[in-house]
Amino acid sequence: MARPEAPSYGLSLLILAFFLGAARTNQDGPFLDDNTPTKSTSDHHDESLLLNSDALPIFLEEPQDSFVVKNRPATLKCRAAYALKLYFKCNGAKNVETSNFEFVDPQTGVRMMEAETNVTRDMVEEFFGNDKFKCECYAWSGRGNIKSQSATIDVAYMKKTFEESPVSTRVEMGHQMELRCVPPAGVPPPRVYWLQGGQPLQPDTSILVSTEGHLLIGQARAQDTNNYTCVAENIAAKRMAPPAEITVYVNGGWSPWSAWTDCRCPGATLSSGKMSTRTCSHPPPSNAGLQCQGSSVRRTKDCIPCPQVEPARWSAWSEWSHCNSDCLKTRKRQCIPGGGQGRKTCNGKDTQTMSCTREQCRSLKLSEVTEANFQDTKNDIALYIGVTAAIFFVSLLSFFLTRMYWKKNRHQSLYNMASNDYHPEFFPEHDKKSLSLQPDLTQTVPPCYEYPYTTPATSVTRSVSEHHYDVPHLASGSDIQMSPATSSTLESSSGKRSQLSGFTNNSDSTYEVATESVTLPLPSLPTAYAVTPTTSGNYTSTTVTHGGAFLNLLESGVSLVVPEGAISRSRKQELFLSILNEDCFRPKLAENLTQLSPVVSCGPNVALNKAVVLKIPHCAELTRNNWFISILQSDCSDSQWQTAVTLGQETINTSVFCQLDKDAAYLVTDCLSRFVIVGQSTSGNAIKRLKLAAFAPKLCFQSSVDYSVRVYVLEDTDSSMETVFGQEKRLGGYLLDEPRSITFQDGGNNLCLTLDSLSEGWKSKPCSHYQEIPFRHLWQASSNSLHCSFTLESYEMSRTLSFKIRINQKGFDYHQVFDITCRDESDVSVAKTSSGKLSHHNELVPKITIQSETSRSSDSKKIVDFGHSPKSAKTYKPDEPVKMTKNLIVTDRGVSTCDDFNFRLGKQIRKQLCHCLDPPTPRGNDWRMLAHALNVDRYINFFATKPSPTDCILDLWEARNRQSNALTELKQIFNDMERFDAVNVLDNCLGPNWL
């Protein structure tokens, strides 16, 4: 058809605009769709655009098919030009919440509109139509409205069971084969790929993957023998089929015949005929391949086979006999004579003798003693029964008589009497004088009730008796002795914890956990501290606001980063962080598991808006990748441990993300509780680091001629020595040398400790110079103070003692040596370490002076005694000022702080970086590349489930990078990603001199 002239065309447009304006004015709308939204009469700007519009809307971006993953909605977007309204319809529904954004292109003056809507899982599942859930975008203008293409929204999922799993098979070298794998049903259809020996398969000319996901081998090679795993993955889940093993075997083949040789039997002088041989070695059979068929020897007719001569041989050894009275056991064998002209006797002995082990000898002697005692006791059994019955009846009668006498002479109940109604005979002698009806105004410490036994559950002491209502003893204030360490701790905690009495355990047991006991009154004990008292090792707490906080245990390597925004603006929450060193907090693990970190507790478990980052040190050697690492989690109110996450088995529902570095693990979690790292050896070659520490008392000959050396074997973490220092402080022990580290490998081999090179005048007690610690006692240690002792005796008066302690794991080259030299010089005991330095024992426990915040007495300073090595401790002189830090926590291990913490990236910088990196880009240089550059992309789907993946990655970066050049390295990463907009954000917000 011919194109109309220009005047006619312009006149047509004017007439059309006139009728459209009249239609909108009269509200008749004959030219518009019934579903077109009505226009507000007050919007003059839109009316002007309507009258001047001469084109239908044009879609610049249409909604695409999308999926709902778990609880994350699918987002649909569309953009149109020349549109006055932009909205979505889903399955004919009109009320779909839509967010609109409009702007005018400054160059062309064209009106642009963008619309966005979220489709939730409930919306998709509540739709019961025959078709799939579909949505369209509608653009409306004065000329009419247009509809975009339909976008289909499905719920993404993948079933757990493979429809067909690969099966292990054998294939002959050079032949072809197929491993079939049909993935589970899923939406979208899962992508199938293969792992070879746990690593992604690299296809080549011989091995490839078909479009259906099957593994095809054209010509099998020897290097193709391996385990193959079929993996199916989509955006919803990842499934792995059981591994299938492909074994490439080789059938044996004959070698060429050898040259002909004379056929001569042993002992014969003349030969008769010729013979030739061949071997099954071309190729030799492998991987259970078939042997060669046929004979390996060929002879001429005149070659007569030699008669078979069977030599004499030994029979199998018999079982070992029981241990005899000499602690020996024997076994025998017989000589079977040969046939024909062979030798009739066997070389060697027919009897073997071996000493029994110590346990067997001890058991044998114990059995003999038990049998003898049983013979002696059998004759007197009737007498024992009669005596036992008589004692029982006499005891029962005495009990009833005593009860009757006690009730008869009791005039009043002691349990219902007030403290001022007690009779003086019920009080100690030194308290009778202080009791009066008038209050004692000179008393500086209020009286309290003392109980000599501590209940672990409540930290309130009570006496051990037949009932729980003993008459309390009222102690005067002058008898209460405050522990200096705990006093400073309580003063630094803003008055929330108070100490009533100091308690010191004087037990001589070397296996008892040594911790200072602090008695706290139940009414003043907050819930957060009731489950984690300050006696549980290093401890710190602070009040956290919307700005975030950083809790750090200086000498233990444990920290907690609470990012900005984790606490709501209108809230203030007190949080604590502690290390639980008591044995009762250690998890009871299975035989193949071992503990790799201390038990760390943080809390209380309150609702957080963002995840926190918890740093926990570990002692696993990760260089060989032989560990199967898991994070155990326990609620602070009980002792039940559950697996929070297992590395390599994470799903999008996993609530804890673990970033495992060389010496520490960073846990990203929104749940505050107890955590511990455990591991399992995947191939029996996993290695963990152990810490060795040697302690001994002061070398003093006036007290005893015996000298006991204790060697502790602990996990190699900064906090593992906490219990040991407290225990040795009670026992009067001193650190002989700096602690050492030794690697300990899985496999069941024990740890051997040998004491040798003793100086003259000293000797070790019999059978005590060599000791072994069983493997399972170390791999599944249930104590934080595991050790063994060496006892030395002095047979000459010598003020010098030197010795060496060698530690190694049986069967391995891992070893350590303590070279110790001690001497007694007057009242100061000096130990010379292996490095040649002299360590004075009396300098081993340093003194720290801390300025007191009170002025009740003339002494304004308190001395805190720390059981720590001299390497990390200082001595502050009384005249030196001490800088007070915020929330200073002092324990018998060291000092921890909750100082003001400044995040490297402020809120505005983070917001701009998230705006740059959160949206996905075609090149992939978004938050995913940032996670890869920071080496935190082991399970990147965890960040994809967060509202802002970039914000979560930057929180983890704040916790891992505390060095001064961290921002410089981050800027270099943005440059390498070619994200210069992120570089400009750092430069513009931080200024030109921020580097």
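Residues numbered from 1 in each chain as written. Predicted model: local features only at pLDDT ≥ 70, side-chain atom pairs only at ≥ 80, totals over all residues. Heavy atoms only, no water.

1. Notes on the overall build of the chain
Step number 1: Of regular secondary structure, the chain possesses 16 helices and 59 strands.
Step number 2: A buried classification covers 40% of the 995 residues belonging to the chain.
Step number 3: Residue pairs in contact within the chain that sit at least 24 positions apart in sequence constitute 66% of those at least 6 positions apart.
Step number 4: When the accessible surface of the chain is split by element, carbon and sulfur atoms take 52% of a total near 56500 Å². (Helix = DSSP H or I, 4+ residues; strand = E, 2+ residues; numbered from the N terminus. Buried < 20%, exposed > 50% of the residue type's maximum accessible area, 1.4 Å probe, protein only. Contact = heavy atoms within 4.5 Å. Areas by Shrake-Rupley, 256 points an atom, 1.4 Å probe, with all protein chains shown as cover.)

2. A word on the packing of aromatic side chains
Any aromatic ring pair is given by two values, namely how distant the centres are and how the planes are angled relative to each other.
Step number 1: Tallied over the entire structure, the rule returns 16 aromatic pairs.
Step number 2: With centroids separated by 5.6 Å and ring planes inclined at 90 degrees, the aromatic side chains of F695 and Y712 adopt a geometry described as edge-to-face. Taken together, the residues span a long stretch of sequence, with F695 in strand β44 (residues 687-697) and Y712 in strand β45 (residues 706-715) at a distance of 17 residues.
Step number 3: What makes Y712 buried here is its relative accessible area of 0%.
Step number 4: Taken together, the ring pairs in this structure connect W627, F744, F775 and W779 into an aromatic cluster.
Step number 5: Here the guanidinium or amino end of K329 rests over the ring plane of W320, the centre of that ring lying 5.6 Å away. (Phe/Tyr/Trp six-rings, centres within 6.5 Å; stacked < 30°, edge-to-face > 60°. Lys NZ or Arg CZ within 6 Å of the ring centre and 35° of its normal.)

3. Concerning the sheet that holds strand β22 (residues 297-299)
Step number 1: Ordered by their spatial adjacency, three strands build an open sheet running β20-β21-β22, and the pairing between neighbours is antiparallel. Strands with a single pairing partner mark the edges of an open sheet, and in this sheet they are β20 (261-262) and β22.
Step number 2: In this sheet, strand β21 (residues 274-277) lies alongside β20 in antiparallel orientation, the contact comprising two bridges. In the sheet register, T261 faces β21, and the bridge partner there is M275. (Pairing = 2+ DSSP bridges.)

4. What to know about the pairing of strand β8 (residues 144-147)
Step number 1: Pairing analysis gives four bridges linking strand β7 (residues 134-141) to β8, with the strands arranged antiparallel. Bridge pairing links Y138 to K147 in β8.

5. Some words on helix α15 (residues 966-976)
Step number 1: Those residues of α15 lying buried are A966, L967, L970, K971, I973 and F974. Down the axis of α15, the buried set is contained in an arc of 155 degrees. They therefore lie on one face.
Step number 2: Taken from the residues just after α15, E978 is the one with a positive phi, measuring 60 degrees. (Arc of directions from axis to C-beta.)

6. So, unusual backbone geometry
Step number 1: Of note, the bond from V187 into P188 is cis; its omega dihedral lies within 30 degrees of zero at -10 degrees.
Step number 2: Checked against the element boundaries, P188 lands in the loop between β12 (186-187) and β13 (191-196).
Step number 3: A cis geometry characterises the amide bond from H282 onward to P283, with omega recorded as 0 degrees.
Step number 4: With respect to the secondary-structure elements, P283 resides in the loop between β21 and β22.
Step number 5: The phi dihedral of N935 falls on the positive side, at around 60 degrees, and the residue is not glycine.

7. Concerning the nonpolar core
Step number 1: In terms of nonpolar packing, the biggest core is built from 69 residues, with L577, L614, Y707, V709, L736, F803 and I805 touching the most fellow members.
Step number 2: Ranked by residues supplied to this core, first place goes to β44 with five residues.
Step number 3: When neighbours within four sequence positions are excluded, L577 is seen to be in contact with N538, Y539, T540, L551, L553, V558, S559, L560, V600, S601, C602 and L614.
Step number 4: Core analysis: the next-biggest nonpolar cluster, separate from the first, contains 41 residues, A611, L930, I953 and L970 among them. (Core = buried A, V, L, I, M, F, W, Y, C linked by side-chain atoms within 4.5 Å.)

8. Regarding the sheet that holds strand β37 (residues 612-617)
Step number 1: Read across the open sheet, the five strands follow the order β32-β33-β37-β42-β41; overall the sheet is antiparallel. Of all the strands in the sheet, just β32 (549-553) and β41 (657-660) have a single pairing partner and so form its edges. Between one strand axis and the next, the sheet turns through 15 degrees on average, direction left out of account.
Step number 2: Pairing analysis gives three bridges linking strand β33 (residues 558-562) to β37, with the strands arranged antiparallel. Each residue of the ladder has a partner; that of V561, found in β37, is V613.
Step number 3: Relative to the sheet, helix α14 (residues 949-960) contacts β33, β37, β41 and β42 (664-669), its axis offset from that of β42 by approximately 145 degrees. (Axes fitted to C-alpha atoms, helices over the stretch in contact; angles between N-to-C directions.)

9. Some remarks on the pairing of β33
Successive side chains on a regular strand alternate, one facing one side of the sheet and the next facing the other.
Step number 1: Along β33, five of the five residues are buried, which leaves the element largely enclosed by surrounding structure.
Step number 2: Residues V558, L560 and V562 point to one face of β33 and S559 and V561 to the other, with burial holding for every one of them.
Step number 3: Here β32 runs beside β33; their pairing, made up of five bridges, is antiparallel. Bridging across to β33, A549 finds its partner in V562.

10. Here's the deal with the environment of R740
Step number 1: Note that R740 resides in strand β47 (residues 740-745).
Step number 2: Measuring from C-alpha to C-alpha, the distance between R740 and D716 comes to 8.9 Å, with 24 residues separating the pair along the chain.
Step number 3: Polar side-chain contacts of R740 include one of 3.4 Å to the backbone oxygen of E738.
Step number 4: Of the polar contacts made by the side chain of R740, one reaches the backbone oxygen of V817; its length is 2.7 Å. (Polar contact = N/O pair within 3.5 Å; in protein donor to acceptor, adjacent residues only side chain to side chain.)

11. So, the state of the cysteines
Cysteine pairs can be covalently joined through their sulfur atoms, and such a bond is termed a disulfide.
Step number 1: Under the criterion given, the structure shown has eight disulfides.
Step number 2: Paired by a disulfide, C263 and C303 hold their sulfur atoms 1.9 Å apart. Where C263 bonds to C303 through sulfur, the torsion about that S-S bond is close to 65 degrees, and the disulfide is right-handed. Residue C263 is located in the loop between β20 and β21, and its partner C303 is located in the loop between β22 and β23 (313-314); the two are separated by 40 residues in the primary sequence.
Step number 3: Take C303: its relative accessible area is 6%, and that puts it in the buried class.
Step number 4: Put simply, C327 and C361 are joined by a disulfide, and their sulfur atoms are 1.4 Å apart. Across the disulfide from C327 to C361, rotation about the S-S bond amounts to roughly -55 degrees, and the bridge is consequently left-handed. (Disulfide = S-S within 2.5 Å.)

12. Let's talk about the pattern of salt bridges
Step number 1: Considering all chains together, one arrives at 33 salt bridges under this definition.
Step number 2: Here E233 and R191 are joined by a salt bridge, their closest N and O atoms 3.8 Å apart. You can see E233 sitting in strand β17 (residues 226-233) and its partner R191 sitting in strand β13, a full 42 residues away along the chain.
Step number 3: Salt-bridge contacts for K610 lead to D955; the nearest nitrogen and oxygen are separated by 3.5 Å. Placement of the pair is K610 in the loop between β36 (599-603) and β37 and D955 in helix α14, with a sequence separation of 345 residues.
Step number 4: The structure contains a network of salt bridges with shared partners spanning K610, R910, D951, D955, E958 and R962. (Salt bridge = Lys/Arg side-chain N within 4 Å of Asp/Glu carboxyl O.)

Read these as spatial facts, not as claims about activity.
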